[in-house]
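What follows is the residue order along each chain.
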Amino acid sequence: MHSQTHSPTHGQAATAEPPVGRTALSGLVGNTPLLRVSEPFAPAGRGFWAKLEGFNPGGIKDRPALHMIERARARGELRPGGRIVESTSGTLGLGLALAGMVYGHPVTLVTDPGLEPSMGRLLAAYGAEVTVVSEPHPAGGWQQARRDRVRLLLARHPGSWCPDQYNNPDNVAAYTPLALELGAELGHVDVLVCSVGTGGHSAGVSRVLRQLYPELRMVGVDTVGSTIFGQPAGDRLMRGLGSSIHPRNVAYDRFSEVHWVAPAEAVWTCRRLATSHYATGGWSVGAVALVAGWLARALPADARIVAIFPDGPQRYLGTVYDDDYCAAHGLLDAPPAAEPETVARPDEREVTRWTRCTTVVDPLATATATAGDGDGDGDGDGDGDGDGDEESVAEGEGR
């Protein structure tokens, strides 16, 4: 007896409904999976939940890119066909390329020589025009150099518009759906761990979760050499988190503590995630997972910890996952310590390895109080957060 394949008649095919699916481009963003991460980062029975934002087409920054463009169009700030011009280290660029395609806008992205060649090619393939600054700003580093170039391009293209992700409140509001997804999926959250770059995703997610769970703790994760939480500016190998200036989207008052992580510590964690959980990402993911694993070991076993993984590993195949690159930068010498060092104040000393501080202050507000100044003119880096970022209520990227 053989099986038969029954095909619809011509008439049936003509009247059949198409399959239901998320076929619209913007419908591909959101509802990303959660993964339980346990051993070897925490003993059996302990662990944390990882929100895998790398399952969005371009990563976590797809959410704010679409939202910022939608709101600017609604207010009339971005006219039909107007050019979008923005500074990015990569991840937001992917989101803006998607938003430009959805809403019909040309996109120009300003980046720097640290952008991975593969990311530059991908952005161009998605139709974005990519321009690279050649020299860092003497005080504000690559971010300020990029922002200066953005201003020149805005003047050159009448009707163009810049999202200004570092200071745009729509960047924060865009993460409301992400927070609601976490609430619906987990029912309760005790600790939120986010990387911090622009400050957007930590501020946006924590604002909503704090309303749902008033006792929520947020843990921020930064990179050594970043000024966001009051450390001196230094050379930063990791991209996607950290900044050499101060993004105003960072919600300092919502952080319970901050951790600074070094590149070698993030690399080790990324690679360990890959071999143990078949899920990983870039610098921000490694830094966030390192901190979330420690919290899972240190807090009571029933603490519900959520870590935001801003992206996947694809753009880091030539850095985080390249043995030659890592060896050349001394990133494979030893695994990280089992726990962080601790400082009482962010300005106690310059940190060079994984370090924790439970005193979180806004450096610009502190400078204003002590010097009677402080212009509040900040921007940030790191699409990973905070990306990251970017991105602050409960915390712990991006990259």
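Residues numbered from 1 in each chain as written. Predicted model: local features only at pLDDT ≥ 70, side-chain atom pairs only at ≥ 80, totals over all residues. Heavy atoms only, no water.

Looking at an unreviewed UniProt entry, one finds the chain named PLP-dependent cysteine synthase family protein, with Streptomyces hainanensis as its source organism. UniProt lists a comment for the chain under the heading Cofactor (unreviewed entry), and it reads "pyridoxal 5'-phosphate". (UniProt positions renumbered as here; feature names shortened; annotations may be inferred.)

**Student:** Outline the sheet that holds strand E7 (residues 217-223), supporting the account with residue identities and numerical values.
**Tutor:** With mixed pairing, the eight strands of this open sheet are ordered in space as E1-E2-E9-E6-E7-E8-E11-E10. Single-partner strands in this sheet number two, and they are strand E1 (34-37) and strand E10 (341-342). Across three bridges, strand E6 (residues 191-195) lies against strand E9 (residues 305-309) in parallel orientation. Within E9, the residue paired with Val193 across the bridge is Ala307. (Pairing = 2+ DSSP bridges. Helix = DSSP H or I, 4+ residues; strand = E, 2+ residues; numbered from the N terminus.)

**Student:** Lay out the environment of Gln231 with the relevant residues and their values.
**Tutor:** Its location among the elements puts Gln231 in the loop between E7 and strand E8 (257-261). Residue Gln231 is classed as buried on the basis of its relative accessible area of 4%. Residues Gln231 and Glu348, 117 residues apart in the sequence, show an inter-C-alpha distance of 8.8 Å. If we ignore the near neighbours within four places in the chain, the residues touching Gln231 are Ser226, Trp260, Pro346, Arg349, Glu350 and Val351. Separated by 2.9 Å, the side chain of Gln231 and the backbone nitrogen of Val351 make a polar contact. (Buried < 20%, exposed > 50% of the residue type's maximum accessible area, 1.4 Å probe, protein only. Contact = heavy atoms within 4.5 Å. Polar contact = N/O pair within 3.5 Å; in protein donor to acceptor, adjacent residues only side chain to side chain.)

**Student:** Tell me about the packing of helix H9 (residues 263-277) against helix H10 (residues 283-298), and name the residues and values.
**Tutor:** Direction vectors running N to C along H9 and H10 enclose 85°, while the axes themselves pass 7 Å from each other. One finds that H9 runs roughly perpendicular with respect to H10. Contacts between H9 and H10 involve Pro263, Glu265, Ala266, Val267, Thr269, Cys270 and Leu273 from the former and Trp283, Val285, Gly286, Ala287, Ala289 and Leu290 from the latter. Looking at the contact of H9 with H10 residue by residue, the class counts come to ten nonpolar, two polar and one charged. (Axes fitted to C-alpha atoms, helices over the stretch in contact; angles between N-to-C directions. Parallel < 35°, antiparallel > 145°, perpendicular 65-115°, else oblique. Nonpolar A, V, L, I, M, F, W, Y, C, P; charged D, E, K, R; others polar.)

**Student:** How would you summarise the sheet that holds strand E3 (residues 84-87) if you had to cite specific residues and measurements?
**Tutor:** Sheet architecture is open: three strands sit in the order E3-E4-E5, paired in parallel fashion. Two strands lie at the open edges of the sheet, namely E3 and strand E5 (129-132), each paired on one side alone. Across the sheet, the axes of successive neighbouring strands diverge by a mean angle of 20°, strand direction being ignored. The pairing of E3 with strand E4 (residues 107-111) spans four bridges and is parallel. Across the sheet, Glu86 pairs through a bridge with Leu109, a residue of E4.

**Student:** If you had to explain the packing of aromatic side chains to someone new, which residues and values would you point to?
**Tutor:** Here the structure, examined in full by the defined rule, presents four aromatic pairs. Taken together, a centroid distance of 5.7 Å and an interplanar angle of 80° make the contact between Phe229 and Tyr252 edge-to-face. With Phe229 in the loop between E7 and E8 and Tyr252 in the loop between E7 and E8, this pair connects stretches of sequence that are 23 residues apart. In this structure Phe229 comes out as buried when scored by relative accessible area, which is 1%. (Phe/Tyr/Trp six-rings, centres within 6.5 Å; stacked < 30°, edge-to-face > 60°.)

**Student:** Mind laying out unusual backbone geometry, listing which residues take part and the relevant values?
**Tutor:** At the junction of Glu39 and Pro40, the peptide bond is cis and its omega measures out at 5° in the coordinates. Assignment of secondary structure puts Pro40 in the loop between E1 and strand E2 (48-52). If you check the backbone angles, Asp164 has positive phi at about 50° while not being a glycine. Position of Asp164 relative to the elements: it lies in the loop between helix H5 (141-156) and helix H6 (169-173). For Tyr278, which is not glycine, the phi torsion reads 50° and is therefore positive. As for its position among the elements, Tyr278 is in the loop between H9 and H10.

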